[in-house]
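Next come the chains, spelled out residue by residue.
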Amino acid sequence: MTRLERYIHPYWGFIFLTLLIKLLGAVTELMIPWLMEIMLDEKVPAGDTAAIYLYGGLMLLCALGCLGGNILANRMSAISSGRITKAIRHDLFERLQHLSARQMDELTVPSAESRLTSDTYNINQLLARLQRMGVRAPILLVGGGAMMLAMDATLALVLLALLPIIALVVYFVTKTSIPLYTRQQTVLDKVVRTVQENITGIRLIKALSKTDYEKQRFHAVNGELTQVDMKAGIVTAITNPTASLVLNLGLTLVVLIGAYRVNSGAIRSGVIVAFLQYFTMILNAMLGITRIFVMWSKGEASANRVADVLATPEDLTVLPAEASEDKAPHIEFRDVSFSYTGIGKNIDCLSFSLKRGQTLGILGPTGSGKSTILNLLLRLYDPDSGTVLIDGQDIRTIPYEELRKKFGVVFQNDFLTEGTVADNIRFFRELDADALTRAAEAAQASFIAEKGGMDAEVVVRGNNLSGGQKQRLLIARALAGDPEILILDDSSSALDYQTDAKLRRALRSGYRDTTTVLVAQRVSSLRHADLILVLQDGCVIGAGSHDDLMETCEEYRIIAQTQMGAEKEGA
Ligand code: ATP
Ligand code: MG
């Protein structure tokens, strides 16, 4: 928790007040058995009715004060812990937004999700419980012990001698449960990941009859979580029964030894009644402290997981600007090499340049590094060596706002959001209706009219649209901002040949100054590109125009011929 101290800091005054009220409440509670002992042993035998009413009234007052104070303080603790958690969650969300793609790869999305939800919840619980029990329980424990010692040291010492047993159990439980709770969170991440993958791919899973396999997979992680849960549960479950056993044993001893001592005249009988009450208080306080320890182990593990994310250093920082080169190409890759994991190269020594308004086509088998080139151009990752330049300026020196504004992007497997067609094309930017219509027209999204115009509903992930309709909406979204650079990653694959051709014509005539980078599996989609790169395992094995490649690049020729053949046969 110490790593999150800065969030608690602004609330110290408020928390102090809460704890003060708790302290007063606990002290008042400690008075009640003492008042009763005086009433039973002195006022009742004397038959002093007025004093009996007075003491009874005092006890009632104490009980009410204690109750009111507790309610107030518990509410206050809910307020402060709620606000602290809100601030932590806010900053965590903010930090997650700014993690680089590489940092997110390491963290993984499900882990980010559970840190944002269940971990912050654990922190909240710890903060609230610490305030509710953190002062009250020790005061009741120590105060109860002190009152007993004052009333009858012999009897009190017999009982207090039992406490180290509980202390030992608590120590053992805390020590064993902390690593278990940390593991529990990690396994929970796995469960979330499995469920997420399953739900995202539910159609595919059904289509390929993989339901049983998925069930098995879920069963495995679910079993693992249950195991850890049970282990943690078994370990912590020792605490409460032991505490109850030891303290109930104590209660029996009070009655037994107390009776002897009353008989021998060492103490008065009211002391036994007071002792029973103090002992119940101590019992509850002890259990409260144990719960704090358990909460602490959970909360501490969660706090560390959250603090780890908050402490991730800034990645992909913007470097100081340098003088840009004159007459530079619009986009240039200069000897760029890159690896996601540091093992092997995903892009190997790539160089090419594009003039403003030109089109680059990228072709290659799956996993050859096509999307990776786009990731580097968008600066989602920095190259390991070499430079990516836009207008002769190293993109690492361009402020993010400025850099992002240049691009219109359709990622591979991009998705639509819930809302209207217009919302999806606008995508939270300030664009007027004309811009939306123009983009939709260029993207050949004529189906919008059939669906009921720009206000037609799009459901979550665009599931009420066909694949090709989705792609056209996504292309319209990318075009609507009138980007300097348009990036389309395999995003016309679901269009029929004719629509695809119309789209290319519209781009050529309506977006003359837009430089386009196009990843496609179909030669026909990129044969008109000014430059085509043929990739294999991160290396360029052919570069040039369609005609050049037909002559110089064996692989390209084979792909082109097979596809053209198929096209003709299909036609
Ligand atoms: P496809 O046609 O299937 O989209 P691609 O050419 O776009 O393939 P890339 O996505 O660029 O392929 O991937 C290139 C290589 O980098 C692949 O071997 C892939 O496994 C690996 N890779 C991609 N993304 C990551 C990542 N985030 N972390 C680690 N490796 C990755
Ligand atoms: Mg790809």
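Residues numbered from 1 in each chain as written. Chains lettered and ligands numbered in written order. Predicted model: local features only at pLDDT ≥ 70, side-chain atom pairs only at ≥ 80, totals over all residues. Heavy atoms only, no water.

K.L.:
Would you mind going over helix H6 (residues 136–151) in detail, with residue names and values included?
P.N.:
Taking 1.5 Å of rise per residue, the 16 residues of H6 would be expected to cover 22 Å, and the 22 Å separating its terminal C-alpha atoms lies within 8% of that figure. Within the sequence span of H6, burial applies to Arg 136, Ala 137, Leu 140, Leu 141, Gly 143, Gly 144, Gly 145, Met 148 and Met 151. Its buried side turned inward, H6 meets helix H2 (12–46), helix H3 (49–98), helix H5 (109–133), helix H7 (153–160) and helix H12 (269–310). (Helix = DSSP H or I, 4+ residues; strand = E, 2+ residues; numbered from the N terminus. Expected span 1.5 Å × (residues − 1). Buried < 20%, exposed > 50% of the residue type's maximum accessible area, 1.4 Å probe, protein only. Contact = heavy atoms within 4.5 Å.)

K.L.:
Please set out the domain arrangement of the chain residue by residue, giving values where relevant.
P.N.:
Once the domains are mapped, the chain shows domain 1 (2–310) and domain 2 (331–570). Averaged C-alpha coordinates put domain 1 and domain 2 at centres separated by 56 Å. Regarding the contact of domain 1 and domain 2, the summed buried area is about 460 Å², with carbon and sulfur atoms giving 36% of it. Of all residues in domain 1, Ala 101, Arg 102 and Arg 203 give up the largest surface area on contact with domain 2, accounting jointly for 77% of the area buried on that side. Linking domain 1 to domain 2 there are one salt bridge. For Arg 102, the salt bridge is made with Asp 384, and the minimal N-O distance between the two is 4.0 Å. At three residues, the largest contribution of residues to the side of domain 1 that touches domain 2 is made by helix H4 (residues 101–107). A per-class count over the side of domain 1 that touches domain 2 returns one nonpolar, one polar and three charged. (Domains from an automatic or database assignment. Buried area = accessible area lost by both parts, 1.4 Å probe. Salt bridge = Lys/Arg side-chain N within 4 Å of Asp/Glu carboxyl O. Nonpolar A, V, L, I, M, F, W, Y, C, P; charged D, E, K, R; others polar.)

K.L.:
Quick one: what's the story with the sheet that holds strand S12 (residues 539–544), residue by residue and with numbers?
P.N.:
What the six strands build is an open sheet, ordered S6-S9-S10-S3-S11-S12; its pairing is mixed. Edge strands, defined here as strands with exactly one partner in the open sheet, are strand S6 (407–410) and S12. Each adjacent strand pair in this sheet contributes to an overall mean axis angle of 15°, direction not counted. Pairing analysis gives five bridges linking strand S9 (residues 485–489) to strand S10 (residues 515–519), with the strands arranged parallel. The partner of Leu 488 across the bridge, within S10, is Leu 518. Helix H18 (residues 467–480) contacts S6 and S9 of the sheet and is inclined by roughly 170° relative to S6. (Pairing = 2+ DSSP bridges. Axes fitted to C-alpha atoms, helices over the stretch in contact; angles between N-to-C directions.)

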